[in-house]
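Summary of the model geometry
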Amino acid sequence: MSSEDALRIQNLNLSYGTERVVENVNLRLKPGSLVGIVGPNGAGKSTLIKAIAGAKEPDSGTIVICGEKGRLGRKSLTYVPQRGEVDWDFPITAEEVVRQGRFAHVGLLRRFGGEDNAAVANALNAVAMTELRHRQIGELSGGQQQRVFLARALAQGGEVFLMDEPFAGVDAATEKAIVEVLRALRDAGKTVVVVHHDLVTVSDYFDDLVLLNRTIIAQGPTAEVFTPENMRETYGGNLAIFERRDVIAAVE
Ligand SMILES: Nc1ncnc2c1ncn2[C@@H]1O[C@H](COP(=O)(O)OP(=O)(O)OP(=O)(O)O)[C@@H](O)[C@H]1O
């Protein structure tokens, strides 16, 4: 493979039981890119992200992250799950959640130290959550919870960041703050992969786009991929959202 790829997927097939939900996915992403994964409900976006994160065993195919497979590859990966997948009643503060991001770096022979504390403080600051760091996570708003998640990812670091719907249920200010953090990661040479639903913001947010509906319909620079023809092929009969005038304007 080319050593330039941050993420390379070849012939990936994923199933639940006997049902194949993701088929023959081939994907190459380069460092320093902000990539959207778009497709209708049930298209397999979360399943694909979970497979990359090592939380879903493939039927077949290979996933190479920064030139390495398996656990070695996943050392370069940071995964931000959907907010709905987390137990928010768990009694833990915002800061403790962010500290979890450092555990990957703290081995048996090394304790949580000054560098870890600094990484946690910087991450909380980057998402403007320093003041609320002692709040229980269950007592934060949805947008604040999402910021904390992002801070944990920042504290962890890595080369490839996977985010499953980071904008779900957040207000405009939080969405803007998150986008700024994602752009800063991209500008620092990281690869940021975001499952996204809002077609209106696709062109503004993402350098590259992956259109998924069970298999990849199109991938490449957003300006080339985000066309009415490709969107129709991806969304099939569920085109109502795409017929909105603002979305049509966005792709013309
Ligand atoms: N744990 C599971 N067990 C069985 N089937 C599942 C499971 N999780 C997802 N599926 C099925 O796999 C398919 C892909 O689901 P997935 O959640 O990956 O889609 P998605 O593109 O992320 O959808 P959405 O936009 O609605 O979040 C769907 O048909 C879904 O019903």
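What counts as what
- Residues numbered from 1 in each chain as written.
- Predicted model: local features only at pLDDT ≥ 70, side-chain atom pairs only at ≥ 80, totals over all residues.
- UniProt positions renumbered as here; feature names shortened; annotations may be inferred.
- Core = buried A, V, L, I, M, F, W, Y, C linked by C-beta atoms within 7 Å.
- Buried ≥ 20, exposed ≤ 12 C-beta atoms within 10 Å, placed from the backbone.
- Contact = placed C-beta atoms within 7 Å.
- Helix = DSSP H or I, 4+ residues; strand = E, 2+ residues; numbered from the N terminus.
- Near = placed C-beta within 6 Å.
- Pairing = 2+ DSSP bridges.

- Looking up the protein chain in an unreviewed UniProt entry gives the name Metal ABC transporter ATP-binding protein, with the organism given as Lujinxingia sediminis.
- Turning to the protein chain, the UniProt record has this under Sequence similarities (unreviewed entry): "Belongs to the ABC transporter superfamily."

Section: the nonpolar core
- Of all hydrophobic cores here, the largest spans 67 residues; its most connected members are Val98, Leu150, Ala151, Leu162 and Val193.
- Those residues in contact with Val193, other than ones at most four positions away along the chain, are Leu29, Val35, Ile37, Val160, Phe161, Leu162 and Met163.

Here we look at the environment of Val192
- Summarising the element assignment, Val192 is placed in strand S8 (residues 191–195).
- For Val192, a count of 27 C-beta atoms within 10 Å translates into the label buried.
- For the pair Val192 and Lys30, spaced 162 residues apart in sequence, the C-alpha separation works out to 9.9 Å.
- Leave out the neighbours within four places in its chain, and Val192 touches Leu34, Val35, Phe161, Leu182, Leu185 and Arg186.

Here's the deal with the site of the ligand
- Taken together, Tyr16, Val21, Gly39, Asn41, Gly42, Ala43, Gly44, Lys45, Ser46 and Thr47 make up all the residues around the ligand.
- For the shell around the ligand, the element with the highest residue contribution is helix H1 (residues 45–53), accounting for three residues.

Quick notes on the environment of Gln82
- Counting through the fold element by element, Gln82 comes out in the loop between strand S6 (77–80) and helix H3 (94–100).
- Counting along the chain gives 10 residues from Gln82 to Ile92, while the straight-line C-alpha distance between them is 18 Å.
- Ignoring sequence-local partners within four residues, the contact set of Gln82 consists of Ser46, Asp164, Glu165 and Ala168.

Quick look at the pairing of strand S1 (residues 7–16)
- Pairing geometry for S1 and strand S2 (residues 19–29), over seven bridges, is antiparallel. Each bridged residue has a counterpart across the sheet, and for Leu7 the counterpart in S2 is Leu29.
- Between the antiparallel neighbours S1 and S2 lie two residues, among them Gly17 with a positive phi of about 60°.
- The pairing of S1 with strand S4 (residues 60–65) spans five bridges and is classified as antiparallel. The residue of S4 that forms the bridge with Asn13 is Ser60.

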